[in-house]
Structure formats: structure tokens, C-alpha cells
Amino acid sequence: MIILAIYNLTVAPSNGHSSLEKYLYNAREGKYSVGERGEELVYKENFNLPTFAKDNASFFWECAESYTSKLENSYRKIEFSLPHELSIKENIEIAKRLGEKLFKDEYVYSLSIHNKRNVDDTLNNIHCHIMFNEKVLDGVERSEETFFKRYNNINPERGGSRKVEKWRQFEGLYEIRQTWERVCNEKLKEKGIELIDCRSLKARRIEALQNGDYLKADFLDREPININGKLLRKDRETLTLDEKQEVERFELAIKVAKLKEKEYRIKIKNYAEENAKAKEEFINKVREEFGITSKEVVQTSDFVVENKLETPKEIFDNAVEMEALKVDLTKKLNKIDYNSQPDKLREIVMQQLTKGEYAKKLDRYNKLKDFKELVYDKNFKEYEEEFESLNTYLRTFETSYMQDKILAKERYIRDKYMERREEIVEELHLLRNNSYQLKYIDDVTPNELFLYIKEIQSNLKDLFIQKEVIDKQVEEQKAIADYEKIKLDICQKLSQNKYLEIKELAVEYEARYFKTKEELERKKLDPTSYEYRVNMNVLKEYEKDYRKYKGTIDRFEIKHDIKELVEEAIKESREKLKELRQQQDDIHGRIKLNSDKLKIMKEYRKEINNEFWEIKTLKDKLEDSNDPLDRFKNSVAILVAKDKLISQKGKIEFSYEALEEKAKDLLSKGQWKKINDRLDEIDRTINQEFLYEQDKLLIEKEELIKKLSNLNTDNFKEKVKVKVEEMLEKNSKKSKEIDKLLNIVNTVELDLTSPKNLSPDKKEELVTDIRKNITDLFDLKNDLTEKIKIKEKECDIKEIKKEILNQHTNGVYGKLCEEKEEIIPRMEGLRKINQHDHATSMETKLKHINEKLRNFEIEFIIPSETIMLRLEKPQKELAVLKDQEKHVKDKLKVLLKQYSLLKEMEGFEMTRRNESSTFMSILNRLKKSKGNSQGTGGYFHAKVIRDDEDRDRD
């Protein structure tokens with residue numbers, strides 16, 4: 001049985017490499033067709049080439065390179081080992097099947113298979129190269145130039161083919177890895193050969209532990225066998241120290257794997273006994289590592305051995321930690337993708353090669369260059385020398401030697417990124433398939449969740465206190481471990497406090513020397529002039545004094561071996577600093593983890609959490625209070641919260657058709673609803689218009705139907721289907737959450753009759769307070785509504801653009817907008833009364849105005865950053881105002897419910913005659929307000945007024 005089943009597959013973007021060169025290399029065409037390389041080609045084939053490149057794959061990849069931005073990928077490559085146990089014909093078969101499974105007839109791809117002897121000359125290294133373009137074929141014929149353009153969502157035939165994002169996400173990478181595993185294993189199973197596994201050794205080891213297969217887990221407990229193939233092809237003598245260590249690590253990993261395989265083959269014959277021994281060894285090792293002495297629980301961050309987690313809280317805690325880790329890894333993955341972009345990668349390389357010097361000098365050079373363009377040459381003379389010096393420095397990086405060095409560094413960093421990327425993808429896949437999913441939150445009661453959130457908040461509070469302490473300690477220790485400070489203290493002590501005085505004199509004369517030298521160079525004096533000779537004498541004196549004091553310092557430091565004394569003194573301080581920094585990192589990490597956990601929990605059940613906290617607080621107050629008025633008010637508040645929950649549940653949509661429409665609108669960013677609304681409007685008004693208007697509407701209708709058809713592609717339908725399923729699942733979950741809360745509410749014993757027992761004076765006082773509070777809150781609500789309207793206008797992007805353009809054009813843009821707003825209704829009015837000539841004249845005027853407005857918008861392009869900056873403050877203020885308005889409305893609901901219940905209660909005389917005209921006016925306005933039936937307690941207002949009217953009639 002072969003244990004070391006081959007699995008070696010990598011996926012990588014083009015990263016600025018030539019797609020044509022890559023194709024020629026894979027297909028062994030052009031300069032790669034001769035010699036040993038040419039003989040290595042076993043098979044090649046191209047698939048789904050568009051019409052413009054039919055039977056000419058090299059032309060397609062040349063076009064991909066020419067018409068694709070350098071910041072985007074012109075291709076993505078898949079490289080994988082083929083099983084050497086299979087024949088070449090069988091390997092060609094499974095490689096082609098992988099391409100068919102992944103790309104069908106939807107993507108252009110080129111497949112090449114190479115076969116050569118391995119490094120140790122024992123086996124054939126047969127492998128496959130697939131390169132594919134990420135643009136999906138949609139059946140629209142396009143020229144080579146149009147094909148690679150940006151996709152046009154409304155009119156696909158006018159733009160390029162659509163680029164599919166999934167190939168740059170870890171889901172796409174895992175689809176490739178898993179598809180290859182399935183395709184390859186079908187053939188291997190048929191041949192009776194050990195199957196391959198696309199998962200990492202770590203993932204397979206964890207699975208083995210969870211299945212109780214400790215023997216297999218021990219076999220998989222080793223370093224993976226992987227290396228950049230280019231290192232193996234290089235001469236050992238030319239390898240750098242890091243590269244040699246990488247090759248040695250690779251060779252050691254092979255030796256360890258072979259030894260483990262041999263040991264596993266022997267032990268597996270007596271599996272039961274050997275597996276029991278392996279289990280005991282593993283548990284003892286974990287106990288020793290984590291300092292566990294008892295046999296209660298042995299658990300690591302990746303798995304649990306013995307006594308699996310049982311309580312929902314423990315399960316949920318583990319799930320949230322996994323979710324937090326998933327968020328962190330996704331951020332790291334996005335950062336790697338961002339840093340892998342050609343421009344960013346070059347920036348990182350230059351930063352590392354020059355320790356940040358290149359970026360500073362490039363920035364200074366660009367500033368001087370811009371300044372030079374703004375001023376006359378005579379004003380730039382003082383900067384000319386610096387400018388030339390910077391130019392010379394930057395040109396050194398354009399030499400072939402430096403370019404080769406930069407490209408080598410880029411390749412090294414890119415390879416490291418790809419290795420880390422694959423590791424993260426593996427970890428994310430493991431996390432996505434772990435047994436602790438967030439679905440276990442359904443097993444946690446709201447009360448448990450509430451207490452758990454409080455526990456995390458308490459932990460965070462303690463951690464922030466610890467953070468403050470450790471940060472202070474680190475800063476203090478940094479000051480203690482400061483090399484220069486320690487050096488100065490030692491030197492001052494040995495020199496009887498003369499060292500600092502001499503050093504300051506050296507610094508002073510050095511500064512005088514360079515200042516005098518710069519002034520002399522700037523004046524450009526005649527060397528024979530008297531002034532020049534005087535300045536040179538002063539310069540020599542400064543240099544002489546500087547050398548004297550600097551020499552004294554150097555001799556002193558050498559005599560007393562200051563460097564060794566400082567190193568010895570600083571060693572202990574640095575050890576202490578290292579220890580403190582480790583503690584600091586640990587506390588910061590725990591803060592981040594707990595913060596992520598808290599954020600995930602609040603986002604997952606945000607709305608329900610708020611409702612739960614509100615109900616729990618009211619319930620606690622009700623149970624703890626003996627005051628009849630407090631009990632009544634809290635009972636009413638719970639009753640209103642219950643009504644709100646019932647209302648929320650009633651609004652949850654389960655109709656597939658309704659959710660489908662909503663999903664279409666969301667996925668089309670509002671276009672779907674906008675088009676359908678306009679079509680409905682046309683159908684309603686078309687028969688009421690004049691004939692020439694009807695023709696225009698029919699043309700518009702055809703265009704809208706076409707847009708709708710272009711939107712409603714098969715891919716769009718599939719996305720809608722997925723979105724609807726997500727919405728149904730989410731709505732079902734929300735409905736269950738509300739049911740849980742309603743169950744809590746239904747267990748509360750409400751006290752809605754206690755005001756009956758109040759004295760007449762207290763009753764009157766209660767009613768007066770409620771009326772006053774309703775009046776005050778009503779006024780406050782109106783005030784907030786007005787403020788929100790003003791603030792919403794400030795947040796209107798069109799208004800912001802209009803304001804900015806108005807400033808740029810000294811008010812002309814604003815006047816044109818006003819004129820346009822006046823013309824449109826007048827023009828429509830003229831058409832309705834059949835004044836076509838006047839309407840046409842106005843239409844011509846409107847075109848001229850629109851043209852002027854467009855010219856201004858082109859001339860004064862407003863950066864999105866400017867708009868976002870303008871929006872930042874008003875949006876925050878708007879959010880605060882809306883929260884305040886919601887809070888006021890909620891209070892108003894409770895007060896109106898109290899008022900309604902008291903009206904029906906025995907002993908309360910509350911007729912219309914007793915109410916002030918102002919209060920009755922408020923009730924009437926609330927009755928007429930939008931959404932009165934449910935939204936703001938309108939049911940209660942209406943009932944109160946009807947009761948009053950009935951009593952008046954009586």
C-alpha cells in the first residue's frame with residue numbers, strides 16, 4: 001500500500017507576468033520549442049477560444065496581455081502533479097476532465113502536460129500547466145479590443161466579457177483543489193491505488209484525532225514536503241544561505257516522511273494495540289504541554305480529546321472564537337491579495353531594499369519636479385543640485401543589475417505570499433468545516449446570551465486595565481533599555497560629568513562647519529576674493545575644533561571599551577523588555593479576540609438582543625418594585641414591547657415571490673424595481689397621452705423591457721435563487737428568535753390594574769403627568785423630524801455636488817439648476833394643452849441648459865473623497881437624530897398605551913370635555929399621521945378619540 005499519495009497543486013495570478021511568454025513556455029512554442037525543454041512536452045490543447053483568436057491561442061494570450069491593465073490579472077494559472085503510477089494516456093484523460101469540470105465551455109483555457117526525470121532520477125515528474133482567463137464567455141461576439149474591456153451590466157454587447165470574482169477568493173481556490181481531488185481519485189480508485197487528499201497534513205491529522213485514529217495522526221505529524229521547484233533546478237553553489245536552508249528543510253522532510261511511512265506500515269499490522277499506545281502517548285504529550293495533571297479534559301485549540309464540550313455556552317464560545325479567527329484570517333488574506341498587486345509589490349520591494357530611503361527621495365524628487373514646472377528657472381537654481389542628485393539616485397535603479405535584483409526580490413516575496421496564502425486558505429477551509437458552527441447559537445437562551453455578553457464585557461474591562469498597566473511598564477522599560485541613555489550615563493560617570501560637555505561642543509562645531517560651508521557654496525564667491533579667504537579660514541578653524549573634540553570622545557570610548565560596558569548593562573534590561581512585550585502582545589491579542597467575539601455576537605443577534613435587554617430590564621424592575629405606579633408603568637412598557645414583537649413577526653416575509661422580487665432589486669442595486677415601477681407607470685398613463693407622446697412611451701417601454709431582459713441572465717437567476725434561500729433562512733431564524741422572546745414575555749405576570757387603588761388626587765396627578773409628557777414628547781418628535789429633514793438634505797449627494805459646483809462657478813451652476821426646475825413643469829403643461837411649438841422651444845432651451853451643466857461637471861470634476869469628507873459629519877449627526885427620534889417614538893407609544901388603559905379603568909373620569917383643545921389636537925394629528933395603525937401607537941389614539949365621541953353623543 002502506498003501511503004505517501006501525491007497531492008501537489010498551486011493556483012496563482014499572473015502578478016504582472018507576460019501571459020504570452022507563459023503560454024509559449026507551457027506549450028513549448030517559439031524559443032522554448034528546442035532542446036530538452038521541447039522534448040519534455042507530452043500533450044497540449046486549447047479550449048473555448050473566441051472567434052477573433054480561433055486556432056491561434058498565442059494571439060489570444062497576446063491580446064490578453066495588451067488590453068488588460070497591469071493592475072489586473074491577464075491570466076490565472078493552475079499547476080499540479082499527475083500520478084506517476086498512471087500511464088501518460090490516463091494522465092492526459094484526468095487532466096482534461098479537470099479542465100472540463102472547472103471551466104466547461106464558459107472560459108478560455110490552455111492545457112499543457114510536461115514529463116521529465118525527477119531530481120533524484122528515480123521517478124518521472126509528470127505535471128500539468130493550465131492557464132485560464134477570468135472573463136466568462138456569454139455568447140456575444142466581440143473583437144479582441146472589446147473582449148477585454150470592462151463589462152457593461154445594462155448592455156453587455158457594448159462592453160467586454162464579465163470577469164468572475166470567485167477565482168480570486170478562497171472559495172474558488174478550494175473549488176479547484178477539491179475538484180482535482182475528486183477527478184484524480186476516481187481514476188486512482190479504479191486502479192486500486194492509494195487516494196490523494198487535498199487537505200493539509202494538519203487538517204488530516206485533526207480529522208484522524210477526532211475519529212480516534214491516533215496511529216494515523218502520529219504518521220501525519222510531520223513537516224509538509226513542498227519547495228519552490230526553481231531552487232531544485234539551481235546549482236547548489238549559487239544558492240544563498242536562506243535558499244540552502246530551504247533545500248535542506250525539504251530534503252529532511254522527505255527523509256522523515258519515508259521513515260514515518262516505514263514505521264506506519266509495520267505498526268498498522270497490529271493496529272488495535274499500536275493505536276492504543278499512540279493514544280496514550282498523545283494524551284501524555286498534551287498534558288505535559290498544557291500543564292494538565294488530572295484526567296478531566298485534554299483539549300487543544302484545534303480539537304478535543306475525551307469528554308467533548310457539552311454545554312451550549314461552551315460550544316457557542318468555541319464557535320465564536322472560530323468565527324473571530326475566520327474574520328482575522330480573511331483580513332490577512334485580503335491584505336496578501338492587496339500586497340501581491342504589481343505596483344504595491346514593487347513598493348514593498350523598494351522599501352525593503354533601501355530601508356525606506358527610495359520612497360522618501362522619490363517623494364522629494366516629485367515635489368521638486370512639480371515646483372520646477374511652476375517657477376522660472378532662476379527661482380529654481382538653489383534646488384538644481386539637489387534635483388540632479390535625486391535624479392541620479394533614482395536612475396541607479398533603472399540599471400539592468402538593479403532591475404534583476406528587484407525582480408528577484410519580487411519573486412521571492414511573491415512566492416512567500418503564495419505559500420502563506422495557501423496556508424490561510426487551508427486554515428479557513430478547516431474553520432468553515434469545523435464542528436463548532438455558529439448555528440449552535442440557537443441552543444443558547446437569550447438569558448444565557450445576555451449573561452455571556454456581560455461576561456465578555458467584564459473581561460474586556462479587566463483587560464483594558466491590564467493593558468494600561470503593561471503599556472506603561474513597556475514604555476518605562478524602553479526608557480531604561482535606551483542604548484544612548486545608558487551610554488551617556490556610563491560615560492558621564494567615568495569622565496566625572498565632562499563627557500556630555502565635550503560631546504555638545506563637538507556637535508556645535510560640526511553644525512557651525514556645515515552651515516558655513518553651505519553658505520559659502522551658495523554665495524559662489526571668487527576663490528581669489530578677500531571674503532572667500534576669510535570664510536575659508538573660519539571654516540578651517542571650525543573643522544579643527546570639531547576634530548579636536550570628536551577625537552577626545554573617540555579616544556575616551558576606546559580607552560574604556562564603552563561599547564562592551566553598554567552591551568553588558570543593557571542586556572538585562574532588554575531581556576526584561578522582551579518579557580514585558582510578550583505579556584503586552586498576549587493582552588492585546590486577548591483584547592482583540594474578546595472584541596471580535598463581542599462584535600460577532602452583537603451583529604448576529606443585534607435586533608433581538610436589543611429587544612431582549614429591554615424586556616429583561618423591565619421584567620427585573622417589575623419583579624423588584626412594590627410601588628403600584630412603577631409596576632403599572634413597567635407592565636405597560638412590557639405590553640408595548642410585546643405588541644412590537646408581534647408586529648415585527650407579522651412583517652416577516654415568507655412568500656417566495658415577494659422575496660424573489662426583493663432579492664432581484666438588491667442584486668441589481670435598485671435597478672429591477674426602478675424599471676418595473678416605470679413600466680407600470682407607462683401602462684397606466686399611455687392611453688391618456690397624445691399620439692406622439694404614446695409613441696415615445698412605447699419606445700421607452702421597449703428599451704426598459706430590453707434592459708430587464710439583459711439583467712435577468714441565467715447567472716443572475718442563480719444568484720437570486722441563492723439570495724432568496726438565504727433570506728428565507730434568515731427570516732425563519734428571526735421568527736424563532738421572536739417566538740423565544742414572546743415566550744419570555746408571556747411568563748411575566750403583568751400588573752395593569754394597580755392605579756384603581758390610588759386616591760383621587762393621585763389619579764388626577766397621574767393623568768396630568770401623562771398628558772404633559774405626551775405633549776412634550778410630541779413637540780420633541782416634531783422638532784426632531786424637522787431636523788432630520790434638514791440633515792437628510794445635507795446628506796444628499798446631488799445637493800453636495802450642486803453646492804460645490806456652485807462655489808466653483810460663482811453661483812452660475814445654481815441659477816441654471818433653478819431655471820431647469822422652472823422649465824420642466826412649464827414644458828409639460830404646454831404639451832398637455834397641445835401647445836407643441838412653445839413646448840419644443842422650451843425643450844431646446846432645456847437642452848442648452850443641460851449642455852452647460854454637463855460642461856461644468858466635466859470641467860470641475862469632484863473627487864469622491866471630497867464628497868465623503870462632506871458627508872462624514874452630517875451622516876453621523878443624522879444617525880444620532882434618528883436614534884433620538886426612535887427613542888422618543890417608543891416612549892410616546894408607552895405613554896399612549898397608559899392613557900388608553902386608564903381611560904377604560906374604573907375611577908378615571910377622562911372625557912373629551914376634560915381635555916384641553918391642545919391635547920385633543922395632538923391626538924387628532926397623531927391619528928392622521930402616517931402609519932398610525934401600528935407604528936406610533938395610532939390604534940390607541942383612535943380608540944381614545946372614538947370613546948370620547950361615543951360619550952359625547954351619549
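Residues numbered from 1 in each chain as written. Predicted model: local features only at pLDDT ≥ 70, side-chain atom pairs only at ≥ 80, totals over all residues. Heavy atoms only, no water.

Undergrad: How should the overall build of the protein chain be read in this particular structure?
TA: Looking only at helices and strands, one finds 34 helices and 7 strands in the protein chain. Contacts in the protein chain between residues far apart in sequence, at least 24 positions, make up 72% of those at least 6 positions apart. Only carbon and sulfur atoms are counted for the fraction: they give 49% of the accessible area of the protein chain, which is about 58200 Å². (Helix = DSSP H or I, 4+ residues; strand = E, 2+ residues; numbered from the N terminus. Contact = heavy atoms within 4.5 Å. Areas by Shrake-Rupley, 256 points an atom, 1.4 Å probe, with all protein chains shown as cover.)

Undergrad: Got a minute to help me understand unusual backbone geometry in this structure?
TA: Where the residue is not glycine, phi is negative for most of them; where a peptide bond is considered, it is trans in most cases. Its identity as a non-glycine residue notwithstanding, Lys104 has a phi of 45 degrees, on the positive side. If you trace the backbone, Lys104 turns up in the loop between α4 (88-103) and β4 (109-117). Phi at Gln496 takes a positive value of approximately 55 degrees, unusual for a residue other than glycine. Mapped onto the fold, Gln496 is located in the loop between α18 (483-494) and α19 (499-523).

Undergrad: It is not clear to me how helix α20 (residues 530-559) should be interpreted in this structure. Could you clarify?
TA: Across its 30 residues, α20 extends 44 Å between first and last C-alpha, which sits within 8% of the 44 Å expected from 1.5 Å per residue. Turning to α20, its buried residues are Asn535, Leu539, Asp545, Tyr549, Gly551, Ile553, Phe556 and Glu557. For α20, the capping residue at the N-terminal end is Ser529, with a side-chain oxygen 3.3 Å from the backbone nitrogen of Tyr532. (Expected span 1.5 Å × (residues − 1). Buried < 20%, exposed > 50% of the residue type's maximum accessible area, 1.4 Å probe, protein only. Polar contact = N/O pair within 3.5 Å; in protein donor to acceptor, adjacent residues only side chain to side chain.)

Undergrad: In this structure, what is going on with a negative patch on the surface? I would like to understand it.
TA: A surface patch of like charges, here negative, comprises Asp714, Glu718, Glu725, Glu726 and Glu729. Tracing the backbone through its elements, the reader meets Asp714 in helix α27 (residues 714-746). (Patch = residues over 30% accessible without salt bridge, like charges linked within 9 Å, V, L, I, M, F, W, Y side chains within 5 Å. Salt bridge = Lys/Arg side-chain N within 4 Å of Asp/Glu carboxyl O. Lys, Arg positive; Asp, Glu negative; His and termini not counted. Charge placed at Lys NZ, Arg CZ, Asp CG, Glu CD.)

Undergrad: Would you explain the packing of aromatic side chains in this entry?
TA: Any aromatic ring pair is given by two values, namely how distant the centres are and how the planes are angled relative to each other. Inspection of the entire model under this criterion finds 28 aromatic pairs. Centroid distance Phe60 to Phe148: 5.6 Å. Interplanar angle 50 degrees. Geometry classified as tilted. Pair noted here: Phe60 is in helix α3 (residues 57-67) and Phe148 is in the loop between α5 (144-147) and α6 (170-191), with a separation of 88 residues, a long-range link. Just as Phe60 is buried, Phe148 falls in that class too. Aromatic pair Tyr107 and Trp167: ring centres 5.7 Å apart, planes at 85 degrees, arrangement edge-to-face. Placement of Tyr107 in the loop between α4 and β4 and of Trp167 in the loop between α5 and α6 is noted, with a sequence separation of 60 residues between them. Each member of the pair, Tyr107 as well as Trp167, is classed as buried. (Phe/Tyr/Trp six-rings, centres within 6.5 Å; stacked < 30°, edge-to-face > 60°.)

Undergrad: In this structure, what is going on with the pairing of strand β1 (residues 9-13)? I would like to understand it.
TA: Both faces of the sheet carry side chains from a regular strand, because those side chains alternate between them. Among the 5 residues that make up β1, 4 are buried, leaving the element largely enclosed by the rest of the structure. Sheet topology places β1 next to strand β3 (residues 76-81); 5 bridges connect them, and they run antiparallel. The residue bridging Leu9 from the neighbouring strand is Phe80, located in β3. (Pairing = 2+ DSSP bridges.)

Undergrad: Quick question: what am I supposed to make of the packing of helix α24 (residues 656-667) against α27 here?
TA: A packed helix pair is summarised by two numbers, namely the angle formed by the two axes and the spacing between the axes. Where α24 meets α27, the closest approach of the two axes is 9 Å, and the angle between their N-to-C directions is 120 degrees. When the interaxial angle is binned, α24 and α27 end up oblique. Pair α24 / α27 crosses with right-handed handedness. In this structure, α24 contributes Tyr656, Leu659, Glu660, Lys662, Ala663, Lys664, Leu666 and Leu667 to the contact, and α27 contributes Phe716, Lys719, Val720, Lys721, Lys723, Val724, Met727, Leu728 and Asn731. In the contact of α24 with α27, the residues fall into 10 nonpolar, 1 polar and 6 charged. (Axes fitted to C-alpha atoms, helices over the stretch in contact; angles between N-to-C directions. Parallel < 35°, antiparallel > 145°, perpendicular 65-115°, else oblique. Left-handed = near helix turned anticlockwise from the far one by under 90°. Nonpolar A, V, L, I, M, F, W, Y, C, P; charged D, E, K, R; others polar.)

Undergrad: Help me understand the packing of helix α23 (residues 628-651) against α27, please; the structure alone is not making it clear to me.
TA: Viewed as axis vectors pointing N to C, α23 and α27 meet at an angle of 155 degrees, and their least axial separation amounts to 10 Å. By the angle class used here, α23 and α27 are roughly antiparallel. In the crossing of α23 with α27, the sense of the turn from one axis to the other is left-handed. Residues Ile638, Lys642, Leu645, Ile646, Gln648 and Lys649 of α23 form the contact with α27, whose participating residues are Ser735, Ile738, Asp739, Leu741, Leu742, Val745 and Asn746. In terms of residue class, the contact of α23 with α27 is made up of 7 nonpolar, 3 polar and 3 charged.

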